[in-house]
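Below are the chains, spelled out letter by letter.
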Amino acid sequence: MKRREEMTFWERLYVVEAFKGIVLTFSRLVRNLILYLFGHEKKIAATPATIQYPNERRDYPERFRGRHRLTLYDNGDIKCTACFLCATACPARCIYIEPAEHNNPDIEKFPHRYEIDTLLCIYCGYCVEACPVDAIRMDTGLHPEVYPPDPRLFIEDKETLMQRSRLLEDNGSKTLYDMHMKKMQHVETHPNDEVKYG
Ligand code: SF4
Ligand code: SF4
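Residues numbered from 1 in each chain as written. Chains lettered and ligands numbered in written order. Predicted model: local features only at pLDDT ≥ 70, side-chain atom pairs only at ≥ 80, totals over all residues.

1. Topic: the overall build of the protein
What the protein contains, in helices and strands, is six helices and five strands. Start at the N end of the protein and walk to the C end: the helices and strands fall as α-α-α-β-α-β-β-α-β-β-α. A compact globule built from 198 residues should have a C-alpha radius of gyration of about 16 Å, whereas the protein, at 24 Å, is more than 25% larger. In terms of principal-axis extent, the alpha carbons of the protein reach across some 75 × 45 × 30 Å. For the protein, with 198 residues in total, the buried portion stands at 16%. Taking as baseline every contact in the protein between residues at least 6 positions apart, the subset at least 24 positions apart corresponds to 69%. (Helix = DSSP H or I, 4+ residues; strand = E, 2+ residues; numbered from the N terminus. Rg over C-alpha atoms; globule rule 2.2 N^0.38 Å. Buried ≥ 20, exposed ≤ 12 C-beta atoms within 10 Å, placed from the backbone. Contact = placed C-beta atoms within 7 Å.)

2. Some points on the nonpolar core
By size, the foremost hydrophobic cluster in this structure holds 14 residues, and its most contacted members are L70, C80, C86, C127, C131, A135 and I136. For this core, the secondary-structure elements that each account for two or more residues are β3 (109–117) and α6 (158–189). Beyond its immediate chain neighbours, meaning those up to four positions away, A135 contacts L70, T71, K79 and C80. (Core = buried A, V, L, I, M, F, W, Y, C linked by C-beta atoms within 7 Å.)

3. Looking at α6
With 32 residues, α6 extends just 29 Å between its outermost C-alpha atoms, more than 12% less than the 46 Å of an ideal straight helix rising 1.5 Å per residue. Along its length, α6 reaches its greatest deviation from straightness, about 115°, at N171. The complete set of buried residues in α6 reads T160, L161, M162, R164, S165, L168, L176 and H180. On its buried side, α6 packs onto β1 (69–70), β3 and β5 (155–156). (Expected span 1.5 Å × (residues − 1). Bend = angle between axes of the 7 residues up to and from the residue.)

4. Looking at the environment of Q163
You can see Q163 is positioned in helix α6. The class for Q163 is partly exposed, based on 15 C-beta atoms found within 10 Å. In the structure, Q163 is positioned 91 residues away from L72 in sequence and 9.7 Å away in space, judged by C-alpha atoms.

5. Quick word on the site of ligand 2
Close to ligand 2 lie 13 residues; C80, C83, L85, C86 and C131 are nearest. For the shell around ligand 2, a count of residues per class yields 12 nonpolar, one polar and no charged. (Near = placed C-beta within 6 Å. Nonpolar A, V, L, I, M, F, W, Y, C, P; charged D, E, K, R; others polar.)

6. Structural notes on the domain arrangement of the protein
Accessible area lost upon the coming together of the parts serves often as the stated size of an interface. Under the domain assignment, the protein is made up of domain 1 (9–45) and domain 2 (69–189). On a C-alpha basis, the centres of domain 1 and domain 2 stand 45 Å from each other. (Domains from an automatic or database assignment.)

7. Brief notes about the site of ligand 1
In the vicinity of ligand 1 there are 14 residues, among which C90, C121, C124, Y126 and C127 approach most closely. Looking at side-chain class alone, the shell around ligand 1 contains 13 nonpolar, one polar and no charged residues.

8. Looking at helix α2 (residues 15–37)
With 23 residues, α2 extends 33 Å between its outermost C-alpha atoms, agreeing within 8% with the 33 Å of an ideal straight helix rising 1.5 Å per residue. Buried residues are scarce in α2, accounting for zero of its 23 residues. Looking one or two residues past α2, G39 carries a phi angle of roughly 75°, positive in sign.

Right, dumping it as structure tokens:
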């Protein structure tokens with residue numbers, strides 16, 4: 001275990017540390033102003049840790065827990081058997097399932113309705129861990145929706161979650177992400193337009 005470091009006398013005074021912080025902030029400000037005035041904006045842009053989302057993107061690691069998808073069989077049928085294990089494991093209680101009887105006598109039931117309230121979701125991945133048939137995954141590489149105009153759009157229904165699987169399998173994760181970014185850029189520039197969220 002890492003031991004808590006003792007503060008020195010000068011650190012305990014706080015005023016010295018606060019003053020050092022102010023000096024650092026203003027020195028950066030003055031440096032960037034000088035660079036800007038002398039036309040060296042590129043050097044300024046190289047410094048910040050932030051990016052201009054949604055015009056720029058970061059590459060997420062492969063194990064990034066992104067937005068959910070419901071996986072499908074080769075014939076397009078949903079794999080989910082409406083067993084409720086994901087909903088039971090979910091600490092945010094944000095999965096809603098309505099089961100229904102399946103026409104196929106070999107399949108006990110399927111989710112007539114499956115919804116995830118992504119405003120409540122904490123992206124912990126417990127639902128994925130709990131699923132016994134690999135019917136739900138978070139491997140889309142998509143971060144949560146940022147600003148849909150209607151809060152109800154944060155609720156992702158069964159068709160949205162299935163469609164995400166189709167898009168991922170047909171076009172790959174890069175295309176899925178590019179579509180997402182394009183949509184975000186459109187919302188940024190035309191906030192009042194109707195946009196289909198998926
Ligand atoms: S990621 Fe976590 S919070 Fe979100 S739906 Fe799954 S179990 Fe619930
Ligand atoms: S996604 Fe998996 S755990 Fe959740 S109801 Fe469907 S089969 Fe069960």
